[in-house]
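Commentary on secondary and tertiary structure
So you can see what is in the structure, the chains are spelled out below.
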Amino acid sequence: RFAETALDATSLTIAPASADASFRSYWRVIAPGGSFVVMDAPPGRENLAPWLDIGARLHRAGLHTPEVHAVDREQGFVLMEDLGTRLYLGELGEATVDSLYADALDALHRMQTSVDTAGLPAFDEAFVTNELEIMPEWFLVRHLGHEIGCDEWDVIELAFRTLITAVRAQPQTFMHRDFHSRNLLVVENAPHPGIIAPGRLSPGIIDYQGAMIGPIAYDLASLLRDCYIAWDAERVDGWVAAYGERLRHAQLIDSHIDGARFRRWFDLAGLQRHIKVLGIFCRLNYRDGKPQYLADLPLVWHYVVTIAERYAEIAPRAELLKRALGDRDIAAPRAA
C-alpha cells in the first residue's frame, strides 16, 4: 500500500532485493514508471532518521546515494532510487579493480573534504572501547569457548589501549564506517529516471547510517582491507601511499606526516575494525541467526594476525588469539 500510494500505481511487482546485518530489509518494486526499492526499517528496531540525514549530507556533497522519493516514518518505509544489483564485490577482478577503486577513492576523498559533519557523533574512546570489547565476548568466549585468564586480559587491554590511542591521534574527518565492496555499486547514467538519478555517476553508496567523525585512515582500511575480498600486499601498499599523498596535497594531513606514519595509521585503524568484526560476525551467528558471516572469518582473522604481528606492542595479542584458536576450523560454529 505504501508503494502504491507513493507511486500512484496499482500494478506493482514486489520481490526481495536484499537484507543486511541489521533488522532492515529491502524490496524491489517494479512499477509502470520503472524500478524502485523500498526499505523496511521496523520501528522500534531501526531508526530512519540517521539514514535520511546522512544520505542527504552525502547527496549534497555530490555523492551518489539513493534518491529518496517517499518516506513513511511511522511505518519505517522509504521508497528510493534503485541503484541496481552490481555490487563492487561481484565486479572486482584483476581487469577492473584499478578503475573501480579509483572511483571509490574519489568518492572517499569527496566524503572527507566536502561532507558536512556538523552534529555527527564522535568515534571517541568510549565508542572505540565498546566496539573492541565485542571480540572477547563473542569470538573468544562464545565462538572458541576460550576462558580468558587474568594475564590474558592484561594482554588484551594493552592492545586495546594502543589501538584507541592510534585511532584518536589521527585527524578526525567524516567516516562512513562500512565503506567496502558490499556497500558500493557500479551505476551508470540511464535514460529512465526511476532507475538512475540523472547526472550522477558510480559508485552508488549505501549503508551509511552509522557515519561518524573518526580517524582519517579508517574508511581507507575498510575499502582496501575488505572483509570480503583481498588484494596482494604490494598493491595495497601502492594504493595507501598514493592516497596519503592525496590527503597531504588537500592539507587533510600535515606535510610532516610521512609514508611510514600514515601506513601505521592505516594498519591500526584497520586492525581496530577487524578485531571488532571478529566479534560481530560471531554475534550475528549466535545471537541473530545469520550464520553466513562465519564463512568470512578466515579473511578477517588473517588481517588481524598479520597486522598485529607487525607491531611489538600488539604482537602478544596475536599469539593469544592463535593459542585460543588452536587447530579449530575458525568458520565452524560451536555448539551451545
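All values reported here derive from a predicted model rather than from experimental measurement.

Below, the discussion takes up helix H7 (residues 150–169). For H7, with 20 residues, the first-to-last C-alpha span of 29 Å sits near the 28 Å given by 1.5 Å per residue. Contacts made by the buried residues of H7 are with helix H5 (125–132), helix H6 (134–143), strand S6 (172–175), strand S9 (212–215), helix H10 (259–286) and helix H12 (315–325).

Let's shift gears to the nonpolar core. Judged by nonpolar contacts, the single largest core of 99 residues is most densely connected at Tyr-101, Phe-139, Leu-140, Leu-224, Phe-262, Leu-271 and Phe-281. It is H10 that provides the largest number of residues to this core, a total of 13 residues. Every residue in contact with Phe-281, bar those within four places of it in the chain, is listed here: Cys-227, Tyr-228, Tyr-293, Leu-294, Asp-296, Leu-297 and Val-300. Leu-12, Val-29, Ala-31 and Ala-70 belong to the second-largest nonpolar core, a separate cluster that totals 11 residues.

The tally for this structure, following the rule as stated, stands at 22 salt bridges. Note that Asp-288 and Arg-287 form a salt bridge whose closest N and O atoms lie 2.8 Å from each other. For Lys-322, the salt bridge is made with Glu-309, and the minimal N-O distance between the two is 2.6 Å. Of the two residues, Lys-322 sits in helix H12 while Glu-309 sits in the loop between helix H11 (297–308) and H12, which places them 13 residues apart along the sequence. The network of salt bridges with shared partners includes Arg-225, Asp-237, Arg-263, Asp-267 and Arg-310.

Turning to helix H9 (residues 233–249), a few remarks are in order. In this model H9 runs 24 Å from its N-terminal to its C-terminal C-alpha over 17 residues, within 8% of the 24 Å that 1.5 Å per residue would give. Regarding H9, the residues found buried are Arg-235, Val-236, Trp-239, Val-240, Tyr-243, Gly-244, Leu-247 and Arg-248. On the buried face of H9, the contacting elements are helix H4 (97–114), helix H8 (218–224) and H10.

Glancing now at the packing of H7 against H12. A pair of packed helices can be characterised by two numbers: the angle between their axes and the separation between those axes. Contact pair H7 / H12: the axes reach a minimum separation of 9 Å and the direction vectors enclose 130 degrees. By the angle between their axes, H7 is oblique relative to H12. The way H7 lies across H12 gives a crossing that is left-handed. In this structure, H7 contributes Glu-152, Val-155, Ile-156, Ala-159 and Phe-160 to the contact, and H12 contributes Pro-316, Arg-317, Leu-320 and Arg-323. Class assignment for the residues of the contact of H7 with H12 results in six nonpolar, no polar and three charged.

Thresholds, definitions, all that
- Residues numbered from 1 in each chain as written.
- Predicted model: local features only at pLDDT ≥ 70, side-chain atom pairs only at ≥ 80, totals over all residues.
- Heavy atoms only, no water.
- Helix = DSSP H or I, 4+ residues; strand = E, 2+ residues; numbered from the N terminus.
- Expected span 1.5 Å × (residues − 1).
- Contact = heavy atoms within 4.5 Å.
- Core = buried A, V, L, I, M, F, W, Y, C linked by side-chain atoms within 4.5 Å.
- Buried < 20%, exposed > 50% of the residue type's maximum accessible area, 1.4 Å probe, protein only.
- Salt bridge = Lys/Arg side-chain N within 4 Å of Asp/Glu carboxyl O.
- Axes fitted to C-alpha atoms, helices over the stretch in contact; angles between N-to-C directions.
- Parallel < 35°, antiparallel > 145°, perpendicular 65-115°, else oblique.
- Left-handed = near helix turned anticlockwise from the far one by under 90°.
- Nonpolar A, V, L, I, M, F, W, Y, C, P; charged D, E, K, R; others polar.

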